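# What the coordinates show
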Amino acid sequence: MTQIILENVEKRFAKLTVLHDINLNIEDGQFCVFLGPSGCGKSTLLRMIAGIEETTEGALTIGGEIMNDVPPAERRVAMVFQNYALYPHMSVYENMAFGLKQAKTPKADIERRVNEAARMLQIEPLLDRRPKQLSGGQRQRVAIGRAIVRQPAVFLFDEPLSNLDAALRVHMRSEIANLHNDYPEASMIYVTHDQTEAMALADKIVLLRAGPDVTKKGALPRLARPRTLPPSCKPVCCRLSRLPFNEFPEGDVGKRRCGRSGYQA
Amino acid sequence: MRKKQGFKVSRVAIPVLGLFWLAVTTLPFIFVAFMSLKTQQETFIKPFWALPESFNLSNYIEVLEGSFLIYLRNSLFVISTSVVIIMLFSSMAAYALARLKFKFSDSLFALIIAGMIVPLHVTLVPVYLMTRSMGLYDTPAGLIGPYVAISLPISVFILTEFMRQVPKELEEAAKLDGCGPFKVYWKIFLPLSGPGLSTVAIYNGIMLWNEFVFAYVLTSSTDRRTLPLAVWDFQGQYASNVPAIMAVVTLSALPLIIVYAIGQEKIVNGMMAGSLKG
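Below is a summary of the structure that appears in this document. As the structure is a computational prediction, the values presented were derived from the model and not from experiment.

## A few points about the overall build of chain A
- Within chain A, the regular secondary structure consists of 8 helices and 10 strands.
- Relative to its full complement of 265 residues, chain A shows a buried share of 52%.
- Accessible surface, chain A: about 12,700 Å² in total, of which carbon and sulfur atoms supply 50%.

## Things to note about the environment of Thr81 of chain B
- As for its placement among the helices and strands, Thr81 of chain B is situated in helix α4 (residues 68-99).
- On the accessibility criterion, Thr81 of chain B (25% relative accessible area) is partly exposed.

## Re the side chain of Ser90 of chain B
- Along the chain, the position of Ser90 of chain B falls in helix α4.
- Setting aside residues up to four positions removed in sequence, Ser90 of chain B forms contacts with Leu152, Ser155, Val156, Leu159 and Val200 of chain B.

## So, the packing of aromatic side chains
- For the structure shown, the criterion picks out 12 aromatic pairs over all chains.
- The interplanar angle of 55 degrees and the centroid separation of 5.7 Å between the aromatic rings of Phe182 of chain B and Tyr185 of chain B together place this pair among those described as tilted. Taken as a pair, Phe182 of chain B and Tyr185 of chain B lie in helix α9 (residues 181-192) at a separation of 3 residues, close to a single helical turn.
- Ring geometry for Phe182 of chain B versus Trp186 of chain B: centroids 6.1 Å apart, planes at 10 degrees, classification stacked. Remark: Trp186 of chain B and Phe182 of chain B occur in helix α9; sequence separation between them is 4 residues, near one turn of the helix.
- Through a chain of ring-to-ring contacts, the aromatic side chains of Phe31, Phe155, Phe157, Tyr183 and Tyr190 of chain A assemble into a single cluster.
- The ring of Tyr137 of chain B has Arg132 of chain B lying over it, and the distance from NZ or CZ to the ring centre is 4.3 Å.
- Taking the ring centre of Phe109 of chain B as reference, the NZ or CZ of Arg164 of chain B above it sits at 5.0 Å.

## Digging into the interface of chain B and chain A
- On the side of chain A, 25 residues touch chain B, which itself brings 23 residues to the contact.
- Across the contact surface, chain B and chain A share 1 salt bridge.
- A salt bridge links Glu172 of chain B to Arg47 of chain A, with the nearest nitrogen and oxygen atoms 2.8 Å apart.
- Summed over the shared surface of chain B and chain A, the result is 8 residue pairs in polar contact (both at pLDDT 80 or more).
- Sorting the residues of the side of chain B that touches chain A by element identifies α8 (168-176) and α9 of chain B as the ones contributing at least two each.
- The biggest single contributor to the side of chain B that touches chain A is α8 of chain B, with 7 residues.

## Thoughts on helix α6 (residues 124-133) of chain B
All names here are of chain B.
- Taken together, the buried positions of α6 are Leu124, Val127 and Thr131. Buried residues of α6, viewed axially, fall in a sector of 65 degrees; they line one side. More than 90 degrees from the buried face of α6, the exposed residues found are Val125, Leu129 and Ser133.
- Against the buried residues of α6 lie α7 (140-164) and α11 (213-218).
- Where α6 terminates, the next one or two residues include Gly135, which has phi positive at roughly 75 degrees.

## Some points on the pairing of strand β1 (residues 4-13) of chain A
Residue and element names in this part refer to chain A.
- Looking at chain direction, β1 and strand β2 (residues 16-26) are connected through 7 bridges and run antiparallel. Across the sheet, the residue bridging to Ile5 is Asn25, located in β2.
- Between the end of β1 and the start of β2, which pair antiparallel, lie 2 residues, with Ala14 showing a positive phi angle near 55 degrees.
- The pairing of β1 with strand β4 (residues 57-62) spans 5 bridges and is antiparallel. Paired with Leu6 across the two strands is Leu60, which belongs to β4.

## Points about the packing of helix α2 (residues 92-102) of chain A against helix α4 (residues 136-148) of chain A
Residues and elements named next belong to chain A.
- One way to put it is that α2 packs onto α4 with a least axis distance of 8 Å and a crossing angle of 30 degrees. Taken together, the axes of α2 and α4 lie roughly parallel to each other. When you trace α2 past α4, the crossing you get is right-handed. Facing α2, whose interface residues are Val92, Asn95 and Met96, α4 presents Val142, Gly145 and Arg146.
- For the contact of α2 with α4, the residue count by class is 3 nonpolar, 2 polar and 1 charged.

## Let's talk about the pairing of strand β7 (residues 154-158) of chain A
Residue and element names in this part refer to chain A.
- Extensive coverage of β7 is indicated by the burial of 5 of its 5 residues.
- Residues of β7 alternate between two faces, with Val154, Leu156 and Asp158 on one and Phe155 and Phe157 on the opposite face, all of them buried.
- In terms of strand pairing, β7 meets strand β8 (residues 187-192) through 5 bridges, oriented parallel. Within β8, the position partnered with Phe155 by the bridge is Met188.

## Notes on the pattern of salt bridges
All names here are of chain A.
- By the definition in use, this model includes 13 salt bridges over all chains.
- A salt bridge links Glu124 to Arg119; its shortest N-O distance comes to 3.8 Å.
- Among the charged side chains, a network of salt bridges with common partners joins Asp109, Arg112, Arg113 and Glu116.

Quick notes on the rules
Residues numbered from 1 in each chain as written. Chains lettered and ligands numbered in written order. Predicted model: local features only at pLDDT ≥ 70, side-chain atom pairs only at ≥ 80, totals over all residues. Heavy atoms only, no water. Helix = DSSP H or I, 4+ residues; strand = E, 2+ residues; numbered from the N terminus. Buried < 20%, exposed > 50% of the residue type's maximum accessible area, 1.4 Å probe, protein only. Areas by Shrake-Rupley, 256 points an atom, 1.4 Å probe, with all protein chains shown as cover. Contact = heavy atoms within 4.5 Å. Phe/Tyr/Trp six-rings, centres within 6.5 Å; stacked < 30°, edge-to-face > 60°. Lys NZ or Arg CZ within 6 Å of the ring centre and 35° of its normal. Salt bridge = Lys/Arg side-chain N within 4 Å of Asp/Glu carboxyl O. Polar contact = N/O pair within 3.5 Å; in protein donor to acceptor, adjacent residues only side chain to side chain. Arc of directions from axis to C-beta. Pairing = 2+ DSSP bridges. Axes fitted to C-alpha atoms, helices over the stretch in contact; angles between N-to-C directions. Parallel < 35°, antiparallel > 145°, perpendicular 65-115°, else oblique. Left-handed = near helix turned anticlockwise from the far one by under 90°. Nonpolar A, V, L, I, M, F, W, Y, C, P; charged D, E, K, R; others polar.

Written out as structure tokens, the structure reads:
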């Protein structure tokens, strides 16, 4: 029961509407990537699902329950931040245990879960250290560990790899893929502007576009048809990627699938 | 080439300026300390800057045999209580003003800061009358109240600026971990404001330790008076015992110097490093 459904979701900051009429269905255990250029609202959308940002309009459902007014801690979501957001005054162990302590989990249970996650992420020797004594990759692992111990229904990743060097990025990417295999029942939403990352990880890619609202011009029905890239979408994709972009005449794509990734808006 | 020369000038100028400033701050204290070792006759006969003839502790003995220790006890109690209350109140206010957005929060902040402009002594008469009518005259509480009040604006200002620097993500992570606003303040912001809190504690501690006027006006009995008034004991209408006053001043400054020497390391020990990428 980890399906996430967004219905006519909108986000406004004062008078400025940043997200228009979003309809999205992320299935149980699906790995969904929000892909788009910076400033397109993908992080905002993620934060709305986390509950850090309020949903101005529309309904947000996680596991069949409407979550619009549920506080973040009770949404059964866990988030990994771009800059890790580890509590600098706590040890690695305390960082990972903090959420469980707030939820009044029994001490033995906390210890077991933290140790289990630490073993999985190979950070057992670091449990007594402070975040500032860790390297970037280690901090990232702790941040992921902090998410794992909460046994969430949904994992949210906000550009988790963008602060790592190229080699480490590829390595951590495969670890996140492994994490998805280890927790097949949990849904994952992953925000990135890196197309390669999106292609490598996703079951489903949601493409967000910065700029004026295209839905009003009747582009949405065309965008919504899976694996069909209408002309209005093409410049977005091309701008996103430095890779050469395959173009097929409409209707032809279905026969020549490239990978398991599908496009949807 | 020119750049290199500028570099050299600054290499000489900075230590020289440093030494100059060291002299400005320490010479008066050295003068006070020497003076406190002289006898009263010596101060009248010998030149002003002459070294004391002998290591004479009679002034200190005289001071310590008087009410000095009572004053010290009062000072310690009043100042430590005030500083704890100041840190608690100002950090709470600072967290609310830095992070909780509510109606008029900016105006409220401006109003609190405006409190710094009010000349302290303007409030002396009203505070005195209020203290009397509340029955707090000549009690420790009568001093603690005004002390907290006069210290809050600058403390709130320092801590608000400090807490604005705490990364937003930490607050959001705490929310996801199940913390309400108070727990975010208590578990995240308060521990992370360590350096800011020490600044506030030291700044206000020094100011209040040396505060004279309020202590003079709001207390009357030896049992209640604080250290700055100890000087008053050796100051008569027609004569004053200068070496004894200097001994009082030295003894009053000593606790501050000791506390500062210990506390300084804690300020430097900033805890912010490592919370973000680095």
